[in-house]
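Inside the fold
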Amino acid sequence: PTIGDVLETAGVSWAWYGEGYQDMVDSQKQGRCPRPPADCDFGVSLYPCVFDVGDYPVDYYASFADKPEHLRDYAKLKSDLADSTLPQVVWVRGLGYHSEHPGVGVRISDGVTFVKDTVDMIERSPYQKDTLVLITWDEGGGYFDHVAPPGMGTDNQPYGTRVPLLAIGPMAKANAISHAQLEHSSLVKFIEWNWLGKKTGQLA
């Protein structure tokens, strides 16, 4: 089972919001490639300027693929926040040139702005009082880390360099740094604990 299956079975609403998704759908209907946004310096109709389905595991499964209850355009996040129709568990991802991923046509500042705009949107919404925003990265970007990786992970693969995780919201401890060792699957454990009866390991 996927985390989507487990949430679905428990009656917990969830969705991915992907920047550029609707433009990709509309372009396919018209038999063309999506046009790159004007502010994407790379200026081509492929990554990092347009939606890349490979970045969205929700679209790997026929039971969830392209279903609006589970995969929505980033622009809909604003209206769902305003209309109080936001699902209980949400993932948000920007286009490649908004990801802070090093590479051609990518400015770190564009990714920072995307994240800030998203957090500001949530903090100005009715959801502000009871929403926890978790921000993380999928890799260290190739930068040197003076702390050695801690060894093998839960999947018998070695850990890489550390990546940050920021917790923003009224439930997060202010001005605190946690030294607990976590990994990306810790976010799944967090979802299980908070929405799935505190029973973890349901995806094993």
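Structure first, text after, so check above.
The text that follows walks through the structure, step by step, so that each part is easy to find. It should be emphasised that the depicted structure is a prediction, and the values quoted were computed from it without experimental measurement.

Time to look at the overall build of the chain. The helix and strand tally for the chain stands at 5 helices and 5 strands. Each helix and strand of the chain, ordered N terminal to C terminal, gives the series α-β-α-β-α-β-α-β-β-α. Taken over the C-alpha atoms alone, the chain extends approximately 45 × 45 × 35 Å along its principal axes. A buried classification covers 31% of the 204 residues belonging to the chain. Contacts in the chain between residues at least 24 apart in sequence constitute 65% of all its contacts with a sequence separation of at least 6. Surface accessibility of the chain: about 12700 Å² in total, with carbon and sulfur atoms responsible for 56%. Of the side-chain charges in the chain, 17 are positive and 27 negative, and the distance between the mean point of each set is 5 Å.

For the structure on display, the rule yields 8 aromatic pairs. Measuring from centroid to centroid gives 6.2 Å for W14 and W91, while their planes differ by 85°, and the two rings are edge-to-face. Here W91 lies in strand β3 (residues 89-93) and W14 lies in strand β1 (residues 14-18), a separation of 77 residues in the sequence. Judged by relative accessible area, W91 falls into the partly exposed class, the value being 22%. Here F51 and Y56 contribute two aromatic rings whose centre-to-centre distance is 4.5 Å and whose plane-to-plane angle is 25°, an arrangement assigned as stacked. For the pair F51 and Y56, one class covers both residues: buried. By way of ring pairs, the aromatic residues W14, W16, Y21, F51, Y56, F64 and W91 are connected into one cluster.

Attention now moves to empty space enclosed by the protein. Counted according to the given criterion, the structure contains 1 cavity of 30 Å³ or more. In this model, the largest cavity occupies a volume close to 40 Å³. Taken together, Y47, V50, F51, D52, D55, Y56, R93, G94, L95 and G96 form the lining of the largest cavity. Tallied by class, the residues present in the lining of the largest cavity amount to 5 nonpolar, 2 polar and 3 charged.

Under the counting rule described, the total for this entry stands at 1 disulfide. In this model C33 remains outside any disulfide bridge; the closest cysteine sulfur is found in C49, 12 Å from its own.

Time to look at the layout of surface pockets. Rolling a probe over the atoms, with the probe sized like a water molecule, indicates the empty space that remains. Considered as a void within the structure, the second largest pocket measures approximately 1600 Å³ in volume. Elements with a contribution of two residues or more to the lining of the second largest pocket: β4 (133-136), β5 (165-168) and α5 (185-195). Of all the elements, α5 adds the most residues to the lining of the second largest pocket, at 4 residues. Among the residues forming the lining of the second largest pocket, the class breakdown is 22 nonpolar, 14 polar and 6 charged.

This part is about the environment of V92. Among the secondary structure elements, V92 is positioned in strand β3. For V92, a relative accessible area of 34% puts it in the partly exposed group. The sequence separation of V92 and G18 amounts to 74 residues, and the corresponding C-alpha distance is 6.1 Å.

Quick look at a nonpolar patch on the surface now. A contiguous nonpolar patch, built from F42, L46, Y47 and V104 and spanning about 370 Å² of accessible area, is present on the exposed surface. The residue L46 is located in the loop between α2 (21-29) and β2 (71-73) in this model. Taking relative accessible area as the criterion, L46 reaches 48% and is therefore assigned partly exposed.

Conventions and cut-offs
- Residues numbered from 1 in each chain as written.
- Predicted model: local features only at pLDDT ≥ 70, side-chain atom pairs only at ≥ 80, totals over all residues.
- Heavy atoms only, no water.
- Helix = DSSP H or I, 4+ residues; strand = E, 2+ residues; numbered from the N terminus.
- Buried < 20%, exposed > 50% of the residue type's maximum accessible area, 1.4 Å probe, protein only.
- Contact = heavy atoms within 4.5 Å.
- Areas by Shrake-Rupley, 256 points an atom, 1.4 Å probe, with all protein chains shown as cover.
- Lys, Arg positive; Asp, Glu negative; His and termini not counted.
- Charge placed at Lys NZ, Arg CZ, Asp CG, Glu CD.
- Phe/Tyr/Trp six-rings, centres within 6.5 Å; stacked < 30°, edge-to-face > 60°.
- 1 Å grid on protein atoms, 1.4 Å probe; cavity = no way out; pocket = protein on both sides within 12 Å on 5 of 7 lines; lining within 4 Å.
- Points joined across faces, edges and corners; volume = space filled by probe spheres on them.
- Nonpolar A, V, L, I, M, F, W, Y, C, P; charged D, E, K, R; others polar.
- Disulfide = S-S within 2.5 Å.
- Patch = residues over 30% accessible without salt bridge, like charges linked within 9 Å, V, L, I, M, F, W, Y side chains within 5 Å.
- Salt bridge = Lys/Arg side-chain N within 4 Å of Asp/Glu carboxyl O.

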